[in-house]
Amino acid sequence: MKMSPVELHCHSTASDGTCAPSEVAELAARGGLSALALTDHDTTAGLAECQQACARLGVDFLNGIEISAENPYGTMHLLGYGISSASPVLADLTRRLIEGRNVRNPRIVGRLQELGLAISMEEVEQHAGGEVVGRPHIAGVLVKKGYVSSINEAFNEYLAPGGKAYFDKERLSSAQAIAMIGKSGGLAVLAHPVQLNCSNDAQLETTVKNLVDQGLSGLEVLHSSHTAEEAAKYTRLADRFGLLKTGGSDFHGSNKPNVQLGRAANQLVPRAWFDRLRERLGQ
Ligand code: AMP
Ligand code: ZN
Ligand code: FE
Ligand code: FE
């Protein structure tokens, strides 16, 4: 029986990470992790490569994806575990999400141009290298051209809400997102609940209760942006609602230099959480 820790939230070059899917698998093996779920934003393009590398390295693998949903107060990201890459519902979902990016990204770049920065969509697309083009790629081009000194500075100055070139993208409702993950054969898990930006615990509870009514299966209790107190609070909440517990680092390679694969703010993600996910999926 495998006991060593797992990683259930990470990104590759298929979205906005800087390691190829097979490199993420190699890092997992080298770090002594026994299982990995790759959760790129809005795409399944990296899953096959990551799965093959994991099989070669003796790391158990689970398909994943991370998608955004509407939230009036902050960010809502939903992880989909065990989704089937061949699902037509999933293909429809990722197509819609990428269309939303393709509307938003040129608006951001257009505003940056108005602000006098020499940057083009072609440069951003080339830097991204795949079908998912996101703000970290725009940030990377701004760093490369010397307009800012770090990805973080690019977000603070231009790309984060309140920044000079911020534009939102169209999102699905949480009910739609959860239903589509379910129809794709997956389990929906609320990512990094701290980023919901709830103003108090009652609001957090109401939000989670609504998501559970919509079909939510789990809560990401361990994450690199959670304090130990927050992780304990989300653990109690998951247990109270009978939700699966998950965790991960949200590794993005050098796009998030302080985040290490397999580390969720100094905590490790227990193997049992991966086994329970797989059990629930019937895999
Ligand atoms: P997008 O999906 O294109 O809207 O970009 C959102 C992604 O940008 C998030 O998933 C993070 O990976 C990344 N991100 C958000 N804020 C920051 C930040 N301050 N520094 C670095 N990356 C960030
Ligand atoms: Zn990301
Ligand atoms: Fe996220
Ligand atoms: Fe993520």
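Since this is a predicted model, take the numbers as computed values, not measurements. (Residues numbered from 1 in each chain as written. Chains lettered and ligands numbered in written order. Predicted model: local features only at pLDDT ≥ 70, side-chain atom pairs only at ≥ 80, totals over all residues. Heavy atoms only, no water.)

1. So, the overall build of the protein chain
What the protein chain contains, in helices and strands, is 10 helices and 7 strands. Taking 2.2 N^0.38 as the reference for a compact globule, 283 residues should give roughly 19 Å; the C-alpha atoms of the protein chain span a radius of gyration of 18 Å, in line with that estimate. Projected onto its principal axes, the C-alpha coordinates of the protein chain cover approximately 55 × 45 × 40 Å. Residue burial in the protein chain is summarised as follows: out of 283 residues, 53% are buried. Accessible surface computed for the protein chain: about 12200 Å², of which carbon and sulfur atoms make up 48%. Each charge class in the protein chain can be summarised by its mean position, and for the 27 positive and 31 negative side chains these summaries are 3 Å apart. (Helix = DSSP H or I, 4+ residues; strand = E, 2+ residues; numbered from the N terminus. Rg over C-alpha atoms; globule rule 2.2 N^0.38 Å. Buried < 20%, exposed > 50% of the residue type's maximum accessible area, 1.4 Å probe, protein only. Areas by Shrake-Rupley, 256 points an atom, 1.4 Å probe, with all protein chains shown as cover. Lys, Arg positive; Asp, Glu negative; His and termini not counted. Charge placed at Lys NZ, Arg CZ, Asp CG, Glu CD.)

2. Focus: the pairing of strand E7 (residues 244-248)
The element E7 is extensively covered by neighbouring structure, given that 5 of its 5 residues are classed as buried. Side chains Leu244, Thr246 and Gly248 of E7 all project onto a buried face; the interleaved residues Lys245 and Gly247 project onto the opposite face, where all are buried too. Here strand E6 (residues 218-223) runs beside E7; their pairing, made up of 5 bridges, is parallel. Its bridge partner lying in E7, Gly218 is registered against Leu244. Of the crossover connections in this fold, the one passing from E6 over helix H9 (residues 228-240) to the parallel E7 is right-handed. (Pairing = 2+ DSSP bridges. Right-handed = clockwise from strand over helix to strand, strands pointing away.)

3. Observations concerning the sheet that holds strand E4 (residues 76-81)
One open sheet accounts for 7 strands, arranged E1-E2-E3-E4-E5-E6-E7; its pairing is mixed. If you trace the sheet from one side to the other, it starts and ends with strand E1 (6-7) and E7, each paired once. Bridge count for strand E3 (residues 60-69) against E4 is 6 bridges, and the pairing is antiparallel. Across the sheet, the residue bridging to Glu66 is Leu79, located in E4. The strands that helix H2 (residues 47-57) touches are strand E2 (35-38) and E3; relative to E3, the one it contacts most, it runs at about 155°. (Contact = heavy atoms within 4.5 Å. Axes fitted to C-alpha atoms, helices over the stretch in contact; angles between N-to-C directions.)

4. A few points about the nonpolar core
If you look at the biggest cluster of nonpolar residues, it comprises 62 residues, and the most contacted ones within it are Leu36, Leu78, Leu190 and Leu219. Element by element, the count of residues in this core is highest for E3, at 5 residues. In this structure, Val124, Ala154, Phe155 and Ala160 belong to the second largest nonpolar core, which totals 22 residues. (Core = buried A, V, L, I, M, F, W, Y, C linked by side-chain atoms within 4.5 Å.)

5. What about the coordination of the iron ion (ligand 4)?
Listed as protein donors to the iron ion (ligand 4) are His9 (NE2), His11 (NE2), Glu66 (OE) and Asp250 (OD); their distances from the metal cover 2.1 to 2.2 Å. Coordination at the iron ion (ligand 4) is irregular: its 4 donor atoms span angles of 81 to 169° at the metal. Spacing between the donor residues of the iron ion (ligand 4) along their common chain follows H-x1-H-x54-E-x183-D. The metal-metal distance between the iron ion (ligand 4) and the zinc ion (ligand 2) is 4.8 Å. Taken together, the residues span a long stretch of sequence, with Glu66 in strand E3 and Asp250 in the loop between E7 and helix H10 (271-281) at a distance of 184 residues. Side by side, Glu66 and Asp250 carry an identical accessibility label, which is buried. (Donors = N, O, S within 2.8 Å, 3.2 Å for Na, K, Ca; no water. Tetrahedral: all angles 85-135°; square planar, octahedral: opposite > 155°, others 65-115°.)

6. Some thoughts on the site of ligand 1
Lining the immediate surroundings of ligand 1 are 13 residues, of which His41, Arg101, Arg104, Arg135 and His252 lie closest. At a separation of 2.7 Å, an oxygen atom of ligand 1 approaches a polar side-chain atom of Arg104. At 2.8 Å, a side-chain N or O of His252 approaches an oxygen atom of ligand 1. Against a free-state accessible area of 500 Å², the protein chains account for coverage of 80% of ligand 1. Here ligand 1 occupies the largest pocket. Listed by contribution, the elements that provide at least two residues to the shell around ligand 1 are helix H3 (88-114), helix H5 (135-144) and helix H6 (151-159). (Near = heavy atom within 4 Å. Polar contact = N/O pair within 3.5 Å; in protein donor to acceptor, adjacent residues only side chain to side chain. 1 Å grid on protein atoms, 1.4 Å probe; cavity = no way out; pocket = protein on both sides within 12 Å on 5 of 7 lines; lining within 4 Å. Sits in = over half its atoms within 2 Å of the grid points.)

7. Let's talk about empty space enclosed by the protein
One pass over the structure, following the stated rule, counts 1 cavity of 30 Å³ or more. Of the pockets and cavities examined, the largest cavity occupies roughly 40 Å³. For the largest cavity, the full set of lining residues is Asp42, Ser68, Leu97, Lys169, Glu170, Arg171 and Leu172. Within the lining of the largest cavity, the residues separate by chemical class into 2 nonpolar, 1 polar and 4 charged. (Points joined across faces, edges and corners; volume = space filled by probe spheres on them. Nonpolar A, V, L, I, M, F, W, Y, C, P; charged D, E, K, R; others polar.)

8. So, the coordination of the zinc ion (ligand 2)
Protein-derived ligands of the zinc ion (ligand 2) are Asp16 (OD), Asp16 (OD), His41 (NE2) and His252 (NE2), with the metal-ligand distances lying across 2.0 to 2.6 Å. As a motif over one chain, the donors of the zinc ion (ligand 2) read D-x24-H-x210-H.

9. Brief notes about the environment of Val189
In this fold, Val189 is placed in strand E5 (residues 187-190). According to the relative accessible area criterion, Val189 is buried, its value standing at 0%. When near neighbours in sequence (up to four residues on either side) are disregarded, Val189 contacts His77, Leu78, Leu79, Tyr81, Leu216, Gly218, Leu219, Glu220 and Thr246.

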